[in-house]
Amino acid sequence: MSFLKKSPWILHYAATSCNGCDIEVLACLTPLYDVERFGIINTGNPKHADILMVTGSVNEESRKVLENLYAQMPDPKAVIAIGACALSGGIFRDAYNVYAGIDQVIPVDVYVPGCAARPESIIDGVVQALGILEERGKQRKRQRKVALS
Amino acid sequence: MSYETLALAAAFIVLGPLVGGLLAGIDRRLTARMQSRQGPPILQPFYDVLKLFEKDTTIVTSLQTLYVWCFLFFMVISGVILYLGGDLLISLFALTVSGIFLVLTAESTNSPYSKIGSARELVLMMAYEPMLIMVPLGFFLVAGSFRAADIAAGDPSQVIQLLGVLIGFLFILTIKLRKSPFDLSSSHHGHQELVKGLTTDITGSDLALVEIGHWYENVILLGWLYLFFAPLGVLWALPIALVLFFAEVLVDNTNARLKWGTTVKASWWVAGLFGVTNLLVLPFI
Amino acid sequence: MLLIAFLIGFPALVALAVAVAPTADLRSQLVRWSAVALAVGSAVLAAAYFRSEPLYFSVGEGLRQLLDLAFMIGGLVVAAVLLFSCRRVKGKEWAIPALIVLQTSLILVAELGPAHPVVENPFYVDGFSLLMVLIIGLVGGLITLYAIRYMRDYHAHANGVADRQPAFFAVVFLFFTAMFGIVLTNHITGLFFFWEITTFCSFWLISYSGTDEAIRNGYRALALNLIGGVCFAAGIVWMTYSPDLRTWELDTLIASGGAVALIPAALIAVAGLTKAAQMPFHSWLLGAMVAPTPVSALLHSSTMVKAGVFILVKLAPVFHGTVPGLLLALIGGVTFLATSLIAINQRNAKLVLAYSTIANLGLIVMCAGVGTTATLWAAILLILFHAVAKALLFLSVGSTEHLIGSRDIEDMEGLVYRQPILAMTLMVGMLGMFLAPFGMLISKYTCFKAFLTVDVFPGGGVLLLVILAFGSAPTLFFWTKWMGKLVAMPRREQPRIGAVPGEESFALLVLTAATYISCVLFPVVDWAFIQPFTHDLMMSGLIPVGDDSTPWETVLMMTLMLGGLFLLPLLFWLRPPKFTPISGYLSGANVAGSASYRGAMGAEREVAARGYYLTTLIDEQRLTRQGVLAAGALTIAMLAGTLA
Ligand code: SF4
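Below is a short write-up of the structure. (Residues numbered from 1 in each chain as written. Chains lettered and ligands numbered in written order. Predicted model: local features only at pLDDT ≥ 70, side-chain atom pairs only at ≥ 80, totals over all residues. Heavy atoms only, no water.)

**Description of the overall build of chain B**
Working step 1: The helix and strand inventory of chain B stands at 11 helices and 1 strand.
Working step 2: Each helix and strand of chain B, ordered N terminal to C terminal, gives the series α-α-β-α-α-α-α-α-α-α-α-α.
Working step 3: Its C-alpha radius of gyration of 18 Å places chain B within 12% of the 19 Å reference for a compact globule of 285 residues.
Working step 4: For chain B, the spread of C-alpha atoms along the three principal axes comes to 55 × 45 × 40 Å.
Working step 5: Relative to its 285 residues, chain B shows a buried fraction of 68%. (Helix = DSSP H or I, 4+ residues; strand = E, 2+ residues; numbered from the N terminus. Rg over C-alpha atoms; globule rule 2.2 N^0.38 Å. Buried < 20%, exposed > 50% of the residue type's maximum accessible area, 1.4 Å probe, protein only.)

Written as structure tokens, this is what we have:
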């Protein structure tokens, strides 16, 4: 059994979001939704995080930060893109300075649509990410075994 | 040292983390309830730590792992001494060494968040150390020994005699448990200005070891608290100690963080007002 | 007896030889082998009188008068030399010649008095003085070895400083004579004579570099130590003319107990306090840090300042259970508390060491003032552990300074990666200074126990305990902060620094080993040196019978901790965990793999993280003023208390 599923710690990064999605992400932590029920904790620290939640569209400035945060997360890890902006650039898609979706910068596992994404669907996205995380965990374990032998 | 205490010490090594983890779980649940949330399962802390062992460990410098080992080692030693019924002062020294190694862990990464955390942790250690030392001293003046076994077998009135010391101890217990208003060095809530402070750059299995160390620490602190009431018999002492222990959660949830200067001054004032006064008037009680 | 003569006389001869040695090379050889000879000599002395009862050596009538005469003339010569050195006094320093004249006239009043007391046994050995001999001979010898190379580098670094190395080493060896004299002589004017020589040596070595700062600090040290000297001389005058107590012998003074000996003992104690740099006299030791580092190690931490506490511990039976004794303990306590706090403010490594030295001496004074078996035990162990660990720290700082060109703690960042050996020696020294299971903590533990049972007046013991508790906390802070700097990952590639020269690293490694070993073997030290000493005092009823043995359980736990501190690094070294290195968290703004981040406008900035010096919490000036006032008042009260 993998405990990754039971204790996903989350890093939330707002690439250049309008903060609409961020408010929804934080709403998940409020008593109404209370994601800590599932062991989900919002850490502010990539080094402790298992799941990276990105909101907003990435531009050239935030790209470096995003890459860096992603690199600093220890494996196994998963990425969730939240909101239209993160998925595809959203309404800023045609702007000269944004990437059309964060998956052009880092690999994304789960896409949560919406403008803004609703807390329910965010939680749903996390649940989906858990499955991926677990799979990666197993993979990682095998890799370590191979590395040892 | 009897078979009983040997068994107790062995139980501490094996069951210490389990009890500590449970305490942490209950703590989180209580906190959630105070915030009218449902909160995580009681076993959540165990899930967290087991997960951390499944994760990769990254390091800034390989030395940090060594310091984490030392931190855990001395923490266990401290607890073993306490539960063997041994010398409280020595147990306290070991606890201090352990704390120093945690500070060194953070310092060795030399990253600003860890550094702020470790510097503040040191300030906190300086703040609580005098009061913490006064606890064994008070016990000695009452029970005539530094040994936990002798203290536990002391006079039931000792908690009355040491009321000031107890108040002082409860005050610094808030610091030791890293609760608000004294969670200056490493907050439970990572998404804020000092990130995770001390533990910011500790990951994976290292972080799990730190977490286990903290569980041990909580059991040790609970043991200290228990000693005040121990002569009343376990049926009274344990519930009282637990209630007081969890009263810290209430404090945690109803206070905002203080600045380090205020913290040091407040702790030293409390140590002076309650601890020292208590020790001074002890001969007359 | 011959051995004693050798230890006292031989360094003086070496001093002469060194001063006139024709070549630098010859001088180095001479210094090297003489240091070895001293170390061997002290070890032989310790072995010869191993676990012996205190032994007193009498000399024939002729020799006795010769000694009296020698001490008198010697004293006059020292006074003359000191007066001559006063030619550069400025401003308020005119008091120095006045003090010298005052002190010399006092001592002459005693010496030229009609029929001064006869000294039957001018020399002695006991467990404590043997241990002191060992410290002086072995630690001092190592420091001298270290100094040979250090001084050569020192002159290579310090341009504009006149190279007076022949005189330097001559004074160092003269100092050895004086130190051995202090711990082995029972003759009180002899003791005074040696005492004044150390004052002179300290003064000369502090002023060594000849800069204005050095000269001013030298005079400050001289002035404060002369205050002690005047008190000492006054004590001797009292002992010469007092109707109750007419003696020139230290052991008789001690044996007469608190009833009659309190006045001279308190006067001599003031001399001890000045030499041990206790508040209100402490400022000279801070100024003394301008001296070359081996001098700081030898005189100002390991040996000379220990002479101050040595005499206080010797006098402890007189003070035991008296109010002046408690006041003496409180002087130590005030010093311990204030200087521990002030040390947090310091960035200069040598000043941290200086403050911590003063603080630890304060702790020893506390023990001496209480004067029970257990505190004497603690005091003597503190002297030993402190001598070893502090010498190690000073020498390490000296080498570090030569290699990185700074003695600022902040500049020692990442020394673990730049010069692992030095970092290791520094760390062991620091661990030895404040952390379980090392020596200082064992002594502190005993202090706690011993102070709990002080009952001179109600609350006295608790007061000492509280001081100890509040003083230990800042100690923890400033050492750990420094250790943190040493182990910190360097923020950028640091220039590689050279290796520690052979002779220096030899001294460092031996001292490191000694720090470890002394805390494993402290029960042996206890058995071999301390028990014979305290046992004798107990037998003669000077201190109450007490149990100074450490419970085996404590020893077991300490050993376990020590083992852990040794095995865990070993294990780590043998099987290092293989984890992925990654740069520290910088909010994702890291510039690849470094400790820099992208700041505003894309500018690259290096992270800056400094240690906490808590200047808003602790005001050095104010605290010093308060400490000096409090300790000064206590000193006056102590002297007044003896009259009551
Ligand atoms: S998707 Fe909508 S709400 Fe979310 S960040 Fe973009 S614009 Fe804002």
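Now that the structure has been shown, the text picks up again.
**Describing the packing of aromatic side chains**
Working step 1: Inspection of every chain in the model, using the stated rule, returns 43 aromatic pairs over all chains.
Working step 2: Considering the side-chain rings of Phe6 of chain C and Phe10 of chain C, the 4.8 Å spacing of their centres and the 15° angle between planes classify their relative orientation as stacked. Highlighted residues: Phe6 of chain C and Phe10 of chain C, both in helix H1 (residues 2-20), separated by 4 residues, approximately one helical turn.
Working step 3: We classify Phe6 of chain C as partly exposed; its relative accessible area is 31%.
Working step 4: According to the relative accessible area criterion, Phe10 of chain C is partly exposed, its value standing at 22%.
Working step 5: The ring of Trp9 of chain A has Lys51 of chain B lying over it, and the distance from NZ or CZ to the ring centre is 3.7 Å.
Working step 6: Of note, Arg87 of chain C hangs over the ring of Phe84 of chain C, and the distance from its end group to the ring centre comes to 4.3 Å. (Phe/Tyr/Trp six-rings, centres within 6.5 Å; stacked < 30°, edge-to-face > 60°. Lys NZ or Arg CZ within 6 Å of the ring centre and 35° of its normal.)

**Some details on a nonpolar patch on the surface**
Residue and element names in this part refer to chain C.
Working step 1: A surface patch of nonpolar side chains, amounting to about 540 Å² of accessible area, comprises Phe50, Ile517, Val520, Leu521, Val524 and Trp527.
Working step 2: Looking at the nonpolar patch, the elements that each hand over two or more residues are helix H21 (502-520) and helix H22 (522-539).
Working step 3: The residue Trp527 is located in helix H22 in this model.
Working step 4: Accessibility expressed as a relative area gives 40% for Trp527, which makes it partly exposed. (Patch = residues over 30% accessible without salt bridge, like charges linked within 9 Å, V, L, I, M, F, W, Y side chains within 5 Å. Areas by Shrake-Rupley, 256 points an atom, 1.4 Å probe, with all protein chains shown as cover. Salt bridge = Lys/Arg side-chain N within 4 Å of Asp/Glu carboxyl O.)

**Description of the interface of chain C and chain B**
Working step 1: Contacts between the two partners involve 63 residues from chain C and, on the opposite side, 69 residues from chain B.
Working step 2: Both sides together, the interface formed by chain C and chain B hides about 5800 Å², and carbon and sulfur atoms give 83% of it.
Working step 3: Here chain C and chain B share 0 salt bridges between them.
Working step 4: On the surface where chain C and chain B come into contact, there are 8 residue pairs in polar contact (both at pLDDT 80 or more).
Working step 5: By residue number, the principal contributor to the side of chain C that touches chain B is helix H20 (residues 460-487) of chain C, which donates 16 residues. (Contact = heavy atoms within 4.5 Å. Buried area = accessible area lost by both parts, 1.4 Å probe. Polar contact = N/O pair within 3.5 Å; in protein donor to acceptor, adjacent residues only side chain to side chain.)

**Focus: unusual backbone geometry**
Working step 1: In this structure, the amide linkage connecting Asp75 of chain A to the following residue, Pro76 of chain A, adopts the cis form with an omega of -10°.
Working step 2: Inspection of the secondary structure assignment puts Pro76 of chain A in the loop between helix H2 (60-72) and strand E4 (78-82).
Working step 3: For Ala277 of chain C, which is not glycine, the phi dihedral falls at a positive 55°.
Working step 4: Looking at the secondary structure, you find Ala277 of chain C in the loop between helix H10 (257-275) and helix H11 (283-287).

**Points about the site of the ligand**
Residue and element names in this part refer to chain A.
Working step 1: Lining the immediate surroundings of the ligand are Ser17, Cys18, Gly20, Cys21, Gly83, Ala84, Cys85, Gly114, Cys115 and Ala116.
Working step 2: Elements represented by at least two residues in the shell around the ligand include exactly helix H1 (20-27) and helix H3 (83-88).
Working step 3: Top contributing element to the shell around the ligand by residue count: H3, with 3 residues.
Working step 4: Here the residues of the shell around the ligand sort into 6 nonpolar, 4 polar and no charged. (Near = heavy atom within 4 Å. Nonpolar A, V, L, I, M, F, W, Y, C, P; charged D, E, K, R; others polar.)

**Quick look at a positive patch on the surface**
All names here are of chain A.
Working step 1: On the surface, a cluster of positive charge is contributed by Lys138, Lys141, Arg142 and Lys145.
Working step 2: With respect to the secondary-structure elements, Arg142 resides in helix H4 (residues 119-148).
Working step 3: Of the residues examined, Arg142 reaches a relative accessible area of 49% and is grouped as partly exposed. (Lys, Arg positive; Asp, Glu negative; His and termini not counted. Charge placed at Lys NZ, Arg CZ, Asp CG, Glu CD.)

**A few points about the pattern of salt bridges**
Working step 1: For the structure on display, the rule yields 30 salt bridges over all chains.
Working step 2: Among the ionic pairs, Glu36 of chain A bridges to Arg37 of chain B, the shortest N-O distance being 2.7 Å. Of this pair, Glu36 of chain A sits in the loop between H1 and strand E2 (41-43) while Arg37 of chain B sits in the loop between helix H1 (3-34) and helix H2 (44-54), placing the two residues on different chains. Summarising the burial analysis for this pair, Glu36 of chain A and Arg37 of chain B share the class buried.

**Looking at the interface of chain C and chain A**
Working step 1: Chain C puts 9 residues into the contact, and the matching count from chain A is 10 residues.
Working step 2: Contact between chain C and chain A buries roughly 740 Å² in total, counting both sides, with carbon and sulfur atoms accounting for 51%.
Working step 3: Connecting chain C to chain A are 0 salt bridges.
Working step 4: Remark: the boundary between chain C and chain A carries 4 residue pairs in polar contact (both at pLDDT 80 or more).

**Some remarks on the packing of helix H5 (residues 127-157) of chain C against helix H13 (residues 304-319) of chain C**
Geometrically, a packed helix pair is captured by the angle between its two axes and the distance between the axes.
Residues and elements named next belong to chain C.
Working step 1: Their axes nearest at 11 Å, the elements H5 and H13 cross at an angle of 170°. Taken together, the axis directions place H5 and H13 in an arrangement best described as roughly antiparallel. Contact residues: Phe128, Ser129 and Met132 in H5; Lys306, Phe310, Val313 and Lys314 in H13. (Axes fitted to C-alpha atoms, helices over the stretch in contact; angles between N-to-C directions. Parallel < 35°, antiparallel > 145°, perpendicular 65-115°, else oblique.)

**Quick look at the state of the cysteines**
Working step 1: Enumeration over the complete set of coordinates arrives at 0 disulfides over all chains.
Working step 2: Unpaired in terms of disulfides, Cys201 of chain C finds its nearest cysteine sulfur in Cys86 of chain C, a separation of 15 Å. (Disulfide = S-S within 2.5 Å.)

**Overview of the sheet that holds strand E1 (residues 9-14) of chain A**
All names here are of chain A.
Working step 1: Read across the open sheet, the 5 strands follow the order E2-E1-E3-E4-E5; overall the sheet is parallel. Of all the strands in the sheet, just E2 and strand E5 (110-112) have a single pairing partner and so form its edges. Direction aside, neighbouring strands of the sheet carry axes that sit 30° apart on average.
Working step 2: Bridge count between E4 and E5: 3 bridges; the pairing is parallel. Across the sheet, residue Ile80 finds its bridge partner in E5, namely Val110.
Working step 3: The strands that H1 touches are E1, E2, strand E3 (51-55) and E4; relative to E3, the one it contacts most, it runs at about 145°.
Working step 4: Where H2 meets the sheet, it contacts E1, E3 and E4, and its direction lies at approximately 170° from that of E1. (Pairing = 2+ DSSP bridges.)

**With respect to the pairing of E3 of chain A**
All names here are of chain A.
Working step 1: Of all 5 residues in E3, 5 are buried; the element is thus mostly enclosed.
Working step 2: Burial of E3 is two-sided: the residues Ile51, Met53 and Thr55 facing one way and the residues Leu52 and Val54 facing the other way are all buried.
Working step 3: Judged from the 5 bridges that link them, E1 and E3 form a sheet pairing that is parallel. Bridge pairing links Tyr13 to Val54 in E3.
Working step 4: In this sheet, E4 lies alongside E3 in parallel orientation, the contact comprising 5 bridges. Across the sheet, residue Thr55 finds its bridge partner in E4, namely Ile82.
Working step 5: Of the crossover connections in this fold, the one passing from E3 over H2 to the parallel E4 is right-handed. (Right-handed = clockwise from strand over helix to strand, strands pointing away.)

**Concerning the nonpolar core**
Working step 1: Within the largest apolar cluster, 348 residues are counted, with the highest numbers of intra-cluster contacts made by Phe451 and Trp482 of chain C.
Working step 2: The element that contributes the greatest number of residues to this core is helix H16 (residues 373-404) of chain C, accounting for 20 residues.
Working step 3: With near-sequence residues (within four places) excluded, Trp482 of chain C lies in contact with Ala349, Val352, Leu353, Val397, Ile409, Met412, Leu426 and Met430 of chain C.
Working step 4: Judged by nonpolar contacts, the second largest core, of 22 residues, contains Tyr33, Val110, Val112 and Leu133 of chain A. (Core = buried A, V, L, I, M, F, W, Y, C linked by side-chain atoms within 4.5 Å.)

**Here's the deal with the packing of H5 of chain C against helix H6 (residues 165-184) of chain C**
Residues and elements named next belong to chain C.
Working step 1: Put simply, H5 and H6 touch, their axes get as near as 11 Å, and they point 170° apart. Here H6 runs roughly antiparallel to H5, going by the angle between their axes.
Working step 2: Split into classes, the residues belonging to the contact of H5 with H6 amount to 15 nonpolar, 7 polar and 1 charged.

**Describing the environment of Gly79 of chain B**
Residue and element names in this part refer to chain B.
Working step 1: Its place among the elements puts Gly79 in helix H3 (residues 63-83).
Working step 2: With 141 residues separating them along the chain, Gly79 and Ile220 place their C-alpha atoms 5.6 Å apart.
Working step 3: Excluding residues within four positions of it along the chain, Gly79 makes contact with Phe12 and Ile220.

**With respect to the environment of Trp215 of chain B**
Residues and elements named next belong to chain B.
Working step 1: Along the polypeptide, Trp215 turns up in helix H9 (residues 204-229).
Working step 2: What makes Trp215 buried here is its relative accessible area of 4%.
Working step 3: Distance from Trp215 to Phe139, taken between C-alpha atoms, is 25 Å for residues 76 residues apart in sequence.

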